Amino acid sequence: MTHVSSRARTSSTTVRAAVWRSPRSPLSIEDVWLADPACGEVGVRVVATAICGSDLAYVDGHWESESPAVFGHEAAGVVDRLGPGVTDLAVGDRVVVTLIRSCGSCRRCMAGAPVGCSGRFALDECGPLRDALGSEIWQGLGVAAFAEAVTIHRSQVVRVGSEIDLDVAALLSCGVLAGVGAVRNTARVAPGSFVVVLGAGGVGLNVVQGARMAGAAEVVAVDPDQRRLAAALRLGASAAVAIGDDVLDEVRAVTKGEMADYVFVATAAISAIETGFDLLARMGTLVLVGMPPSGARVSLDPVTVASAGQRILGSKMGAGRPARDIPALVALYQEGQLELDGLITGRFALDEIGEALGSARRGDALRNVIMMEESLVA
Ligand SMILES: [Zn+2]
Ligand SMILES: [Zn+2]
């Protein structure tokens, strides 16, 4: 079953958006045309969009992109327009917005893996954004939430209650889902495990939280940045190792010579993947979470992997099922098990997005959040 509509996108409204044209020029804040939702689609007034590493990878040209484009995908807001056929949401519903667009009827969706959906959507054929002259602007990552509003597929929103603020809820849609999901869904870490997390950024810190909640015996965070290591310890790491220290010796000491049952690579650095193999115990599992630049290659020793019974798993968006996982994450937040508020470093207005991206690029921030209403910028 496909979801391609031939209906022309006729009605639209103008919204302010941060438009990207090349890695060499700053984002420009422009009035762009946003199409109203068609069949099976939803319009959301964006309240908050966090800056994720993937946004930076596109903005800085590490990953290829169509141009012009609007990025931003870790978002939350309020439903303000409903396309025909959407009957299970109402205008005014508070929602988390994700990049996981799923048809519900392809093989992967039927198997409970919407992140692998192979469905085709009208939004893929004909994006909702046009510039002032009518030329198409790419809907980056299928969301384009560095903007006051988005038009997305129904499957990309999950309703949340008033128990969680929307700037905090935005984090659930990518960094937290990807990190906690890598532990719970992809690797299914068993209680008592020895876990190493390479990279303590926006996703790695949530791997740390996930491993702690899964009952890991040791959670070792490895990162070059002392501030991130301090955050990892706060979020439940049992040890923090700065790159430059002998990571192998540190992990050997913490695991009493056993080495790691699970190594999560939550950084884009290729060298971390090779380090990850060296840290693995027999029967250990290497989980690839971070995404290196396009075209990167890594070498591995197949004899060791096979003879030691090791596994290598890719974790796309934490193998997340948003409709199931986001409410579960909200519940963990309410119970005080999942820390979210402390993950936000700064709040910025849309006009200040250049500054917010710069701070994220320098590693100054755990997460910076763009607040679409300037009155909400603290
Ligand atoms: Zn992301
Ligand atoms: Zn599907």
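Residues numbered from 1 in each chain as written. Chains lettered and ligands numbered in written order. Predicted model: local features only at pLDDT ≥ 70, side-chain atom pairs only at ≥ 80, totals over all residues. Heavy atoms only, no water.

### Considerations on the overall build of the protein
Argument step 1. The helix and strand inventory of the protein stands at twelve helices and 18 strands.
Argument step 2. Taking 21 Å as the expected radius of gyration for a compact globule of 378 residues, we find that the protein reaches 21 Å, a close match to that expectation.
Argument step 3. In terms of overall dimensions, the protein has C-alpha extents of about 65 × 45 × 40 Å along its principal axes.
Argument step 4. For the protein, buried positions account for 54% of its 378 residues.
Argument step 5. Of the contacts formed within the protein by residues at least 6 apart in sequence, a portion of 69% connects residues at least 24 apart.
Argument step 6. Side chains of the protein carry 33 positive and 42 negative charges; the gap between the two charge centres is 6 Å. (Helix = DSSP H or I, 4+ residues; strand = E, 2+ residues; numbered from the N terminus. Rg over C-alpha atoms; globule rule 2.2 N^0.38 Å. Buried < 20%, exposed > 50% of the residue type's maximum accessible area, 1.4 Å probe, protein only. Contact = heavy atoms within 4.5 Å. Lys, Arg positive; Asp, Glu negative; His and termini not counted. Charge placed at Lys NZ, Arg CZ, Asp CG, Glu CD.)

### Points about the coordination of the zinc ion (ligand 1)
Argument step 1. Here the zinc ion (ligand 1) is held by Cys52 (SG), His73 (NE2) and Cys174 (SG), and the distances to it run 2.0 to 2.2 Å.
Argument step 2. Expressed as a motif, the donor residue spacing for the zinc ion (ligand 1) is C-x20-H-x100-C. Residue Cys52 is located in the loop between strand S3 (41–50) and helix H1 (53–59), and its partner His73 is located in the loop between strand S4 (69–70) and strand S5 (74–82); the two are separated by 21 residues in the primary sequence. Here Cys52 matches His73 in class, with each residue buried. (Donors = N, O, S within 2.8 Å, 3.2 Å for Na, K, Ca; no water.)

### Re the coordination of the zinc ion (ligand 2)
Argument step 1. In this structure, Cys103 (SG), Cys106 (SG), Cys109 (SG) and Cys117 (SG) serve as the protein donors to the zinc ion (ligand 2), at separations of 2.3 to 2.4 Å.
Argument step 2. One can describe the site at the zinc ion (ligand 2) as tetrahedral: its four donor atoms subtend angles covering 104 to 118° at the metal.
Argument step 3. Sequence spacing among the residues donating to the zinc ion (ligand 2) works out to C-x2-C-x2-C-x7-C. (Tetrahedral: all angles 85-135°; square planar, octahedral: opposite > 155°, others 65-115°.)

### Observations regarding the environment of Thr285
Argument step 1. Along the chain, Thr285 falls in strand S15 (residues 280–288).
Argument step 2. By relative accessible area, Thr285 is classed as buried at 2%.
Argument step 3. Considering only alpha carbons, one finds Thr285 and Ile312, 27 residues apart in sequence, at a separation of 5.8 Å.
Argument step 4. Sequence-distant contacts of Thr285, defined by excluding residues within four places in its chain, comprise Asp261, Tyr262, Val263, Leu280, Arg311 and Leu313.
Argument step 5. Engagement of the side chain of Thr285 in a polar contact is seen with the side chain of Arg311, the distance being 3.0 Å. (Polar contact = N/O pair within 3.5 Å; in protein donor to acceptor, adjacent residues only side chain to side chain.)

### As for the sheet that holds strand S8 (residues 136–139)
Argument step 1. Taken together, five strands build an open sheet; the order of strands is S1-S2-S7-S8-S4 and the sheet is mixed. This sheet does not close on itself; its edge strands, each paired only once, are strand S1 (12–19) and S4.
Argument step 2. Strand direction decides the pairing type here: strand S2 (residues 28–35) and strand S7 (residues 129–130), joined by two bridges, are antiparallel. Its bridge partner being in S7, Trp33 is matched across the sheet by Arg130. (Pairing = 2+ DSSP bridges.)

### A look at helix H7 (residues 226–234)
Argument step 1. For H7, the set of buried residues is Leu229, Ala231 and Ala232. The buried side chains of H7 occupy one side of the element, clustering within an arc of 160° when seen end-on. The exposed set on the far side of H7, more than 90 degrees from its buried face, consists of Gln226 and Arg234.
Argument step 2. Against helix H6 (204–213), strand S12 (218–223) and strand S13 (239–242) lie the buried residues of H7.
Argument step 3. Remark: Gly236 follows H7 within two positions and exhibits a positive phi of approximately 120°. (Arc of directions from axis to C-beta.)

### What to know about the layout of surface pockets
Argument step 1. Taken as a whole, the second largest pocket encloses approximately 300 Å³ of empty space.
Argument step 2. Taken together, 16 residues form the lining of the second largest pocket, with Ser102, Pro114, Ser155, Pro322 and Ala323 sitting closest to its centre.
Argument step 3. Sorting the residues of the lining of the second largest pocket by element identifies strand S10 (157–159) and helix H11 (322–334) as the ones contributing at least two each.
Argument step 4. Residue contributions to the lining of the second largest pocket peak at three residues, all from S10.
Argument step 5. Its residues placed into classes, the lining of the second largest pocket shows eight nonpolar, five polar and three charged. (1 Å grid on protein atoms, 1.4 Å probe; cavity = no way out; pocket = protein on both sides within 12 Å on 5 of 7 lines; lining within 4 Å. Points joined across faces, edges and corners; volume = space filled by probe spheres on them. Nonpolar A, V, L, I, M, F, W, Y, C, P; charged D, E, K, R; others polar.)

### Observations regarding the pattern of salt bridges
Argument step 1. Following the criterion strictly, the structure yields 20 salt bridges and no others.
Argument step 2. Across the salt bridge formed by Arg81 and Asp80, the nearest N and O atoms sit 3.0 Å from each other.
Argument step 3. The partner of Arg154 in a salt bridge is Asp88, and the shortest N-O contact between them spans 3.0 Å. Within this pair, whereas Arg154 is found in the loop between strand S9 (149–153) and S10, its partner Asp88 is found in the loop between S5 and strand S6 (94–97), the two being separated by 66 residues in sequence. (Salt bridge = Lys/Arg side-chain N within 4 Å of Asp/Glu carboxyl O.)

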